[in-house]
Amino acid sequence: NLSNKFQEVFKKLKGKGKLTEEDVNLALREVRIALLEADVNFQVVKDFIAKVKEKAVGHEVLESLTPGQQVIKIVHEELINLMGKTNAKLNDAGSPPTIIMLVGLQGAGKTTTAAKLAHFLKKQGKKPLLVAADIYRPAAIKQLQVLGDAIDVPVFTMGEQSPVDIAKASINFAKSNLKNYVIIDTAGRLHINEELMDELKKIKEEVSPHEILLVVDAMTGQDAVNVAKSFNEELGLTGVILTKLDGDTKGGAALSVKAVTGCPIKFAGMGEKIENLEPFYPDRMASRILGMGDVLTLIEKAQAAIDAEKALKMQEKLKSRDFDLEDFLDSLQQIKKMGPLEQLLGMIPGMGKVKDIAGMVDEKELKHIEAIIYSMTPEERRKPEIIDGSRKKRIAKGSGTSIQEVNRLLKQFEQMKKMMKQFGGMEKQLKKGKKIK
Ligand code: GDP
Ligand code: MG
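As the structure is a prediction and not an experimental result, all values here were calculated from the model.

What counts, and at which threshold
- Residues numbered from 1 in each chain as written.
- Chains lettered and ligands numbered in written order.
- Predicted model: local features only at pLDDT ≥ 70, side-chain atom pairs only at ≥ 80, totals over all residues.
- Buried ≥ 20, exposed ≤ 12 C-beta atoms within 10 Å, placed from the backbone.
- Helix = DSSP H or I, 4+ residues; strand = E, 2+ residues; numbered from the N terminus.
- Pairing = 2+ DSSP bridges.
- Right-handed = clockwise from strand over helix to strand, strands pointing away.
- Near = placed C-beta within 6 Å.
- UniProt positions renumbered as here; feature names shortened; annotations may be inferred.
- Axes fitted to C-alpha atoms, helices over the stretch in contact; angles between N-to-C directions.
- Parallel < 35°, antiparallel > 145°, perpendicular 65-115°, else oblique.
- Left-handed = near helix turned anticlockwise from the far one by under 90°.
- Contact = placed C-beta atoms within 7 Å.
- Core = buried A, V, L, I, M, F, W, Y, C linked by C-beta atoms within 7 Å.
- Domains from an automatic or database assignment.

Q: Give a detailed account of the pairing of strand 7 (residues 239-243), specifying residues and quantitative values.
A: Counting buried positions over the five residues of strand 7 gives five, a clear majority of the element. Burial of the side chains of strand 7 extends over both faces: Gly239, Ile241 and Thr243 are buried on one face and Val240 and Leu242 on the other. Sheet topology places strand 6 (residues 211-217) next to strand 7; five bridges connect them, and they run parallel. Bridging from a neighbouring strand, Leu213 pairs with Gly239 of strand 7. Viewed along the sheet, the connection from strand 6 through helix 9 (residues 222-235) into strand 7 turns out right-handed. Across three bridges, the pairing between strand 7 and strand 8 (residues 265-269) is parallel. Opposite Leu242, over in strand 8, you have Ala268 as the bridge partner.

Q: Provide a residue-level description of the site of ligand 1, including the pertinent values.
A: With respect to spatial proximity, 19 residues lie near ligand 1, and among them Gly109, Lys110, Thr111, Thr112 and Gly269 are the closest. Counting residues per element, the shell around ligand 1 draws most heavily on helix 5 (residues 110-123), which supplies three residues.

Q: Help me get a handle on the UniProt feature "domain: SRP54-type proteins GTP-binding" (unreviewed entry) in the protein, residues and values and all.
A: Mapped onto the present numbering, the UniProt feature "domain: SRP54-type proteins GTP-binding" (unreviewed entry) falls at residues 264-277. End C-alpha atoms of residues 264-277 are separated by 16 Å, and the span's content is 0% helix alongside 43% strand.

Q: Can you lay out the packing of helix 5 against helix 6 (residues 138-151) for me, pointing to particular residues and giving the numbers?
A: Taken N-terminus to C-terminus, the directions of helix 5 and helix 6 make an angle of 20 degrees; their axes are 10 Å apart at the nearest point. The orientation of helix 5 with respect to helix 6, classified from their angle, is roughly parallel. Viewed along their axes, helix 5 and helix 6 form a crossing whose handedness is right-handed. Residues Thr111, Ala114, Ala115, Ala118, His119 and Lys122 of helix 5 form the contact with helix 6, whose participating residues are Ala140, Gln143, Leu144, Leu147, Gly148 and Ile151.

Q: Explain the sheet that holds strand 2 (residues 98-103) to me, using residue names and the numbers behind them.
A: Across the sheet, which stays open at both edges, the eight strands sit in the order 4-3-5-2-6-7-8-9 with mixed pairing between neighbours. Edge strands, defined here as strands with exactly one partner in the open sheet, are strand 4 (155-156) and strand 9 (277-279). Where helix 9 meets the sheet, its contacts fall on strand 2, strand 6 and strand 7, and the angle it forms with strand 6 comes to roughly 160 degrees.

Q: Can you break down the nonpolar core residue by residue, with the values?
A: Grouped together as the largest cluster of nonpolar side chains are 87 residues, with contacts concentrated most on Leu130, Val131, Ile183, Val216 and Val240. By residue number, the principal contributor to this core is helix 2 (residues 21-37), which donates six residues. Two domains share this core, each providing at least three of its residues, namely domain 1 (2-82) and domain 2 (98-283). Contacts of Leu130, omitting those with residues within four sequence positions, involve Ala114, Ala115, Ala118, Leu144, Gly148, Val153, Pro154, Val155, Phe156, Ile183 and Asp185. Among the nonpolar cores identified, the runner-up in size contains twelve residues, and Leu325, Leu332, Ile395 and Leu409 belong to it.

So, in structure tokens, the structure goes:
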């Protein structure tokens with residue numbers, strides 16, 4: 001798949017000290033092939049490659065970061081731009097209810113997504129109403145009712161009356177029942193046709209939705225993009241929901257939709273279960289496509305929070321292998337600035353083991369850790385291995401903690417030390433340096 005391909009390309013770039021323009025071209029040729037094979041629209045690929053190249057050649061490379069990694073960074077940034085930079089939120093009606101109309105071809109996942117979206121909104125304390133406006137398959141109404149029951153969200157039905165009338169009546173129902181979101185599940189067809197579009201246009205005219213979201217199956221690749229284009233031209237979409245991203249999709253749809261239609265992807269369906277709907281984050285998707293967990297996000301957060309000087313000092317420490325308890329305290333204080341540690345650790349592949357360190361970065365724990373470390377002599381901070389039983393007793397007493405707490409801290413320190421070694425490469429980002437020629 002796409003992320004494997006990318007990793008192969010970038011593996012070749014690793015180990016190289018400097019990249020020539022030729023190297024950049026070579027790498028980008030492979031990126032180009034990988035994108036085309038992933039079913040990304042060819043015009044999108046062309047523009048994408050041009051942008052990356054423009055940025056990569058002659059770009060300043062952060063010190064110690066290999067030029068290859070720098071190219072990864074640029075590719076990553078451009079992937080994010082391609083998908084719309086940030087998460088596009090749902091439009092909000094000035095006065096409720098917010099009316100959301102789901103449209104799309106048969107089997108794309110509209111009915112399922114309607115229920116998922118209702119569940120998502122309900123969890124945020126909103127009061128959604130589901131509307132069964134697909135009257136052509138009797139099973140469709142039933143399907144929505146079953147889903148609505150499961151999540152305890154009311155489903156508005158009027159049997160097989162005109163979908164336009166149903167939609168209209170549902171808005172009044174929502175108003176008089178204080179529902180602040182109306183989600184209309186419409187009928188699909190196997191292919192786009194005039195009849196379908198006419199009906200959808202009529203519903204649109206009647207209820208003036210705040211959101212017209214196209215539900216498309218990500219597995220269908222470029223077809224998904226063509227479908228999005230047609231629906232957008234006919235109806236004027238406000239956004240797209242990509243479903244079945246949990247499957248073995250090639251990624252092409254996610255990468256092309258925004259560029260081709262101008263409509264942001266607002267949500268992603270990640271499975272058949274009701275809770276498998278996620279707001280779509282271009283940066284996370286880009287990282288997923290690059291197959292690097294959210295390491296890149298981590299790097300960016302770290303960059304924002306750690307001041308360069310400290311990081312450089314830390315780098316020296318790590319190199320000389322004398323990362324000590326003072327650095328430990330320092331890094332904890334830095335990490336705290338970055339946000340919940342748990343969240344950060346979750347972003348690093350294979351980092352689950354260190355998660356129990358997360359417990360100590362809440363405010364109170366950090367105070368304890370500070371107290372313990374400040375109760376140590378400078379020598380003890382530099383050489384924790386000299387801390388024996390009687391020293392532990394003294395430290396515990398001096399800091400108003402217990403021997404167990406001192407032990408725990410020392411253990412966490414060891415874990416942290418290991419962890420720091422694992423991504424010792426990270427802090428390299430912070431110095432500036434060479435150019436790619
Ligand atoms: P509709 O015809 O557009 O209303 O499509 P449905 O909501 O009936 O969904 C069609 C099929 O796709 C169902 O079997 C769903 O369970 C499945 N489906 C929908 N969304 C997802 C998703 O995000 N992931 C997976 N794996 N299956 C999905
Ligand atoms: Mg349906």
